[in-house]
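Examining the three-dimensional arrangement
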Amino acid sequence: MSKTFVTKAKQMLHGGDYNPDQWLDYPEILADDIKLMKLSHTNTFSVGIFAWSTLEPEEGVYHFEWLDKIIDDIHGIGGNVILATPSGARPAWMSQKYPEVLRVNASRVKQLHGARHNHCFTSPVYREKTQQMNRLLAERYGNHPALIMWHISNEYGGACHCDLCQDAFRTWLKEKYNHNLKALNDAWWGPFWSHTFTDWSQIESPSPIGESKVHGHNLDWRRFVTDQTIDFYKNEIVPIRELTPDIPITTNFMGDTPDLIPFQGLDYSKFAKHIDVISWDAYPAWHNDWETTADLAMKVAFIDDLYRSLKGQPFLLMESTPSLVNWHKVNKAKRPGMHLLSSMQMVAHGSDSILYFQWRKSRGSSEKFHGAVVDHDNSSENRVFKDVAEVGRTLEKLSEVAGTNRSAEVAFLYDWDNHWALQDAQGFSNETKRYAQTMHQHYRAFWENDIPVDVITKEHDFSSYKLLVVPMLYLASEDLISRFKDFVKNGGTLVMTYISGLVNESDLTYLGGWPHELQEIFGMKPLETDTLYPADRNRVSYNGKSYELKDYATTLDVAEAKVEATYEEDYYANTPAVTSHTYGAGKTYYIGGRLEDDFQRDFYEGVMKELEIHPVADVKHERGVSVQVRQAPECDYIFVMNFTEDEQHVHFESQVTDVITGETLHGDVTFEKYEVRVVEKSK
Ligand code: GAL
């Protein structure tokens, strides 16, 4: 695997969001910042994210001198700057003078000035103002040697429902449906509840005080919101691409909490095509009271694998906390060891950075108690600062890892359209669809066994993988189904589950039963999906063992498939629950019900044996330890991470070198609670 550096820095980036604009009246604090940056072994700072009211305090009056000094000072200590465009929040004068920049919510209420991330993404005024500001930033700092990357806006998300946006939505629809209103009515199943439109002007965005039950409409609106956000972003980057074509661009993606699933507001698979480097903001609730540390680590790993796979290259951790946040239900500090462990996990999955929100704790407003590298005590002696410096020293030893990637034989397919449509579907259980969590249930079997996984989206070519796992793909276009068929015909192994292949890309059900191509490759067809109450249970027998089932059980009409497992109870007792079928040079498996983790563990162990898919390194350990790899041309960097509260005995079958301590390791090694080691194995 060759190296693709995501920035011109060619090193692991360490640092984070720096808001000197909050401290311009405190020159001694700004001077301390520079000293503390060196002491904390940090090297990269994202500046200007929310600085618009300082950069342009009055319309057309600009103040850049403070930013000149900050960037020069960071450069003076050999640091890098990630320069942000400030569109995430705007000055009050702008909202006052041009109210069209304010967002209108889904209930058609115009929002007041305040907060952030709440502009209208269609407003010509806001587009003009952001472009103007970005041009000035690019002209002034484009050639600054400290500038390594652009950070466009901040955490794009949400939607606006103003008249300008309604017009833009209608224009988008006209384009999509070739100006053919009948085609739109057909795709949206118009006559249902008399919802046929006779003029484009009758169409509005979905609303709690209006239309929300037309699923094709909801889906198209969500797609429009993604496209309109990208369009806004593309407008932002015009001067940046023009003036600084060699400086890469990112915008920070998110995860949804509390269950840490991929962010649902935007289809990042579309957004990824327009940015150079993926970056994301990760805020897992470590040490919470509803899941084990290993479970949470597995969820973080899943998003990392998804976001890395969006561009198939290393990504950046743009924000994280060195200690705690201020917006979880309970904001618990990272226990000793967790900061290094959780940081190394990001690097293990492909991050070339550990960046924080925030460098210095703000003095006032809502983030004054949010974790930061520098606390109100301004000290380099507290626990958090020391933890950060330790991560910094470790990253300095891992500079060779920057730019390396890894390959995988297993892919999971994750789809935003599917998530939206499945959530909308009024049916099954409205509470337990749990698409992303179902992905987790299957992914866990690979994570626990140290099998590298790519989490790809539907545009991705999947022909090179041995195994493609596609849980709960309720929405699947005919084209995608044909691609599944080719994949299997050419030797791939495909796993699908209950509630799959039921609707097309407009969220219209397939008529005449399950799509024929799926019936052909699976050698069976699903008949009924039984939805269970939360306390209901059934069981499934597989390979002489019995496994618990909850939530969903699909009965199957088996034609040529082999029955791998059967239901044990209820009116479908002894009927097929899991099947396999050989098709062309490949094979398919269908899992009819939501089964306990042990089933996935045993089932995938068999599949991996059959396909000769092996753990990424010859390191043996108990459950709760994770091993991930980054591959350089001459060696593998193996990350061994103890995500348990217990001491663990890890067995290295081959001799490796600890990159941090320089020790040679072979045989049994004891790992303390939360201990992590990065070892190098020559090829
Ligand atoms: C992020 C945001 C940051 C900061 C952080 C706090 O979502 O981008 O500006 O607010 O959360 O955790």
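Residues numbered from 1 in each chain as written. Predicted model: local features only at pLDDT ≥ 70, side-chain atom pairs only at ≥ 80, totals over all residues. Heavy atoms only, no water.

**Observations regarding a positive patch on the surface**
On the surface, a cluster of positive charge is contributed by Lys332, Arg335, Arg383 and Lys673. Within the fold, Lys673 resides in the loop between strand S27 (664–671) and strand S28 (676–682). (Patch = residues over 30% accessible without salt bridge, like charges linked within 9 Å, V, L, I, M, F, W, Y side chains within 5 Å. Areas by Shrake-Rupley, 256 points an atom, 1.4 Å probe, with all protein chains shown as cover. Salt bridge = Lys/Arg side-chain N within 4 Å of Asp/Glu carboxyl O. Lys, Arg positive; Asp, Glu negative; His and termini not counted. Charge placed at Lys NZ, Arg CZ, Asp CG, Glu CD. Helix = DSSP H or I, 4+ residues; strand = E, 2+ residues; numbered from the N terminus.)

**Brief notes about the sheet that holds strand S10 (residues 316–319)**
As summarised here, the arrangement of the 3 strands in space is S6-S9-S10, forming an open sheet in which the pairing is parallel. Edge positions in the open sheet fall to strand S6 (252–253) and S10, since each of these has one partner strand only. By the bridge criterion, 3 bridges tie strand S9 (residues 279–281) to S10 in an arrangement that is parallel. Bridged to Asp281 within S10 is Glu319. (Pairing = 2+ DSSP bridges.)

**Considering a negative patch on the surface**
Taken together, the side chains of Glu645, Asp646, Glu647 and Glu672 define an acidic patch exposed on the protein surface. In this fold, Glu672 is placed in the loop between S27 and S28.

**Considering the site of the ligand**
With respect to spatial proximity, the complete set of residues near the ligand consists of Phe50, Arg116, Asn154, Glu155, Asp281, Tyr283, Glu319, Trp327, Phe357, Glu367 and His370. Take Arg116: an N or O atom from its side chain is 2.8 Å from an oxygen atom of the ligand. In the model, an oxygen atom of the ligand is placed 2.7 Å from a nitrogen or oxygen of the Trp327 side chain. Its free accessible area being 310 Å², the ligand has 94% of it covered by the protein chains. Split into classes, the residues belonging to the shell around the ligand amount to 4 nonpolar, 2 polar and 5 charged. (Near = heavy atom within 4 Å. Polar contact = N/O pair within 3.5 Å; in protein donor to acceptor, adjacent residues only side chain to side chain. Nonpolar A, V, L, I, M, F, W, Y, C, P; charged D, E, K, R; others polar.)

**Notes on the packing of aromatic side chains**
Enumeration according to the criterion identifies 52 aromatic pairs in this entry. With centroids separated by 5.6 Å and ring planes inclined at 90 degrees, the aromatic side chains of Phe462 and Phe487 adopt a geometry described as edge-to-face. One end of the pair, Phe462, is in the loop between strand S13 (453–456) and strand S14 (467–470); the other, Phe487, is in helix H15 (residues 478–489), and 25 residues separate them in sequence. Phe487 carries the same exposure label as Phe462, and that label is buried. With a centroid separation of 5.0 Å and 80 degrees between ring planes, the pair formed by Tyr567 and Tyr572 is classed as edge-to-face. Considered together, Tyr567 and Tyr572 belong to a single accessibility category, that of buried residues. (Phe/Tyr/Trp six-rings, centres within 6.5 Å; stacked < 30°, edge-to-face > 60°. Buried < 20%, exposed > 50% of the residue type's maximum accessible area, 1.4 Å probe, protein only.)

**Describing the domain arrangement of the chain**
You can read the domains of the chain as domain 1 (3–163 + 221–401), domain 2 (410–611) and domain 3 (619–682). Centre-to-centre separation of domain 2 and domain 3, based on C-alpha positions: 34 Å. Taken together, the contacts link 4 residues of domain 2 with 8 residues of domain 3. Summing the contributions of domain 2 and of domain 3, the shared interface buries around 570 Å²; its carbon and sulfur component is 48%. Of all residues in domain 2, the largest losses of buried area upon contact with domain 3 belong to Trp447, Glu448 and Asp450, amounting jointly to 79% of the total for that side. (Domains from an automatic or database assignment. Contact = heavy atoms within 4.5 Å. Buried area = accessible area lost by both parts, 1.4 Å probe.)

**Focus: the nonpolar core**
Counting residues in hydrophobic clusters, the biggest one holds 199 residues, and the most contacted among them are Tyr307, Phe446 and Phe484. Top element by residues in this core is helix H10 (residues 293–311). It accounts for 11 residues. For Phe484, the residues in contact, after removing those within four places along its chain, are Leu413, Phe462, Leu468, Val470, Leu473, Leu494, Met496 and Ile521. Core analysis: the next-biggest nonpolar cluster, separate from the first, contains 15 residues, Val627, Val650, Val656 and Val669 among them. (Core = buried A, V, L, I, M, F, W, Y, C linked by side-chain atoms within 4.5 Å.)

**A few points about the packing of helix H5 (residues 124–141) against helix H8 (residues 215–243)**
At a closest axis distance of 8 Å, the pairing of H5 and H8 adopts a crossing angle of 30 degrees. Between H5 and H8, the angle falls in the class roughly parallel. Along this stretch, H5 crosses H8, giving a crossing that reads as right-handed. Contact with H5, carried on its side by Tyr126, Arg127, Thr130, Gln131, Asn134, Arg135, Ala138 and Glu139, involves Gln228, Asp231, Phe232, Asn235, Glu236, Val238, Pro239, Ile240, Glu242 and Leu243 of H8 and no other residues of that element. When its residues are assigned to classes, the contact of H5 with H8 shows 7 nonpolar, 5 polar and 6 charged. (Axes fitted to C-alpha atoms, helices over the stretch in contact; angles between N-to-C directions. Parallel < 35°, antiparallel > 145°, perpendicular 65-115°, else oblique. Left-handed = near helix turned anticlockwise from the far one by under 90°.)

**Regarding the pairing of strand S24 (residues 625–631)**
For S24, the tally of buried residues reaches 7 of 7 residues, placing the bulk of the element in the interior. The two faces of S24 match: Val625, Val627, Val629 and Gln631 on one face and Ser626, Gln628 and Arg630 on the other face are all buried. Of the strand pairs in this sheet, S24 and strand S25 (residues 635–642) are connected by 7 bridges, and their pairing is antiparallel. Across the sheet, residue Arg630 finds its bridge partner in S25, namely Tyr637.

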